Amino acid sequence: MDNVWVSSGSTTVEAMVNPIAAACAGDGLDSAFVPDTVYFLDNPGLGDALSDTKVLTRTLLEQYGVESPTIKTGNVDHETDFQGIATHFQEVITEAHDAAANVAVDVTPGRKFMSVIAFNAGMTYDADHIFYFYLESSDYFSRIYPEIPRTAARLYDFTEIL
């Protein structure tokens, strides 16, 4: 069974890659979640962060045994295209379930309203996981996952909490 990851975008690579790395490692989870397919949401404010993130994500997933990871990008013309953001999450979750895949929604990256929309879509459309990568201190905001002490970060799955 395939694993699908859906997320918004961010101006920082770490906000997009660290949750995936933590899920692959099984950090804070009952079992690891290694996606075969990853969907990001692009908007004009992200700059080069998304292209760098896609390269790192591919490398990371290959290290976890995914031979040919699929990385796709949805787009909105403006970061306040709320309907476009909602549609991004709804369509990916629905398509993943139709393909009998497990789907994880990441609410870590992006603006707060993007996280709210992602969370709502995950709950409404029965995502298998809704992940949030928590850092104990802002000292680690610009650090990539392997550089963060395990005691300073945790991946939460809201489907296990709520």
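For the structure itself, consult the block above.
The model shown is predicted, which means the values in this text are computed figures rather than measured ones.

Topic: helix H1 (residues 13-25)
The terminal C-alpha atoms of H1, which comprises 13 residues, lie 18 Å apart, in line with the 18 Å expected from a rise of 1.5 Å per residue. Burial analysis of H1 places 12 of its 13 residues in the buried class, which makes it a mostly covered element. Among the residues of H1, those classed as buried are Val13, Glu14, Ala15, Met16, Val17, Asn18, Pro19, Ile20, Ala21, Ala22, Ala23 and Cys24. Looking at the buried residues of H1, the elements they touch are strand E1 (3-7), strand E2 (37-42), helix H2 (49-63), strand E4 (102-106), strand E5 (129-135) and strand E6 (153-157). Count one or two residues on from H1 and you reach glycine 26, which has phi positive near 75°.

Observations regarding the sheet that holds E1
Across the sheet, six strands lie side by side as E3-E2-E1-E4-E5-E6; this open sheet has mixed pairing. Only two strands of the sheet have a single neighbouring strand rather than two, namely strand E3 (70-75) and E6. Between one strand axis and the next, the sheet turns by 25° as a mean value, whatever way the strands run. Relative to E3, E2 runs parallel, the two sharing six bridges. Residue pairing across strands places threonine 37 opposite threonine 70, the latter belonging to E3.

What about unusual backbone geometry?
The backbone of alanine 100 shows a phi angle near 60°, a positive value even though the residue is not glycine. Counting through the fold element by element, alanine 100 comes out in the loop between helix H3 (82-98) and E4. The phi angle at aspartate 126 is positive, at roughly 60°, despite the residue not being glycine. Topologically, aspartate 126 is positioned in the loop between helix H4 (112-124) and E5.

Comments concerning the packing of aromatic side chains
In this structure the tally under the stated criterion is seven aromatic pairs. When the centroid spacing of 6.3 Å and the interplanar angle of 45° are considered together, the rings of tryptophan 5 and phenylalanine 33 count as tilted. Here tryptophan 5 is found in strand E1, whereas its partner phenylalanine 33 is found in the loop between H1 and E2, with 28 residues between them in sequence. Among the residues examined, phenylalanine 33 registers a relative accessible area of 4% and is labelled buried. Between tyrosine 134 and tyrosine 156 the ring centres are 6.3 Å apart and the planes differ by 65°, which places this aromatic pair in the edge-to-face class. Here tyrosine 134, found in strand E5, pairs with tyrosine 156, found in strand E6; they are 22 residues apart in sequence, far enough to count as distant. Using a relative accessible area of 32% as the deciding quantity, one classes tyrosine 134 as partly exposed. Over the ring of tyrosine 145 we find arginine 150; its NZ or CZ atom is 3.9 Å from the centre of that ring.

Considering the layout of surface pockets
When its volume is computed, the largest pocket comes out at roughly 380 Å³. Mapped by element, the contributors of at least two residues to the lining of the largest pocket are H1 and E5. Here the lining of the largest pocket takes four residues from E5, the largest share from any one element. Roughly 170 Å³ of volume is contained in the second largest pocket. Surrounding the second largest pocket, Val17, Ala21, Leu56, Thr59, Leu60, Gln63, Tyr64, Ile144, Tyr145 and Pro146 form its lining. At the level of elements, H1 and H2 are the ones that each hand at least two residues to the lining of the second largest pocket. Residue contributions to the lining of the second largest pocket peak at four residues, all from H2. When grouped by side-chain class, the residues that make up the lining of the second largest pocket number eight nonpolar, two polar and no charged.

What counts and what doesn't
- Residues numbered from 1 in each chain as written.
- Predicted model: local features only at pLDDT ≥ 70, side-chain atom pairs only at ≥ 80, totals over all residues.
- Heavy atoms only, no water.
- Helix = DSSP H or I, 4+ residues; strand = E, 2+ residues; numbered from the N terminus.
- Expected span 1.5 Å × (residues − 1).
- Buried < 20%, exposed > 50% of the residue type's maximum accessible area, 1.4 Å probe, protein only.
- Contact = heavy atoms within 4.5 Å.
- Pairing = 2+ DSSP bridges.
- Axes fitted to C-alpha atoms, helices over the stretch in contact; angles between N-to-C directions.
- Phe/Tyr/Trp six-rings, centres within 6.5 Å; stacked < 30°, edge-to-face > 60°.
- Lys NZ or Arg CZ within 6 Å of the ring centre and 35° of its normal.
- 1 Å grid on protein atoms, 1.4 Å probe; cavity = no way out; pocket = protein on both sides within 12 Å on 5 of 7 lines; lining within 4 Å.
- Points joined across faces, edges and corners; volume = space filled by probe spheres on them.
- Nonpolar A, V, L, I, M, F, W, Y, C, P; charged D, E, K, R; others polar.

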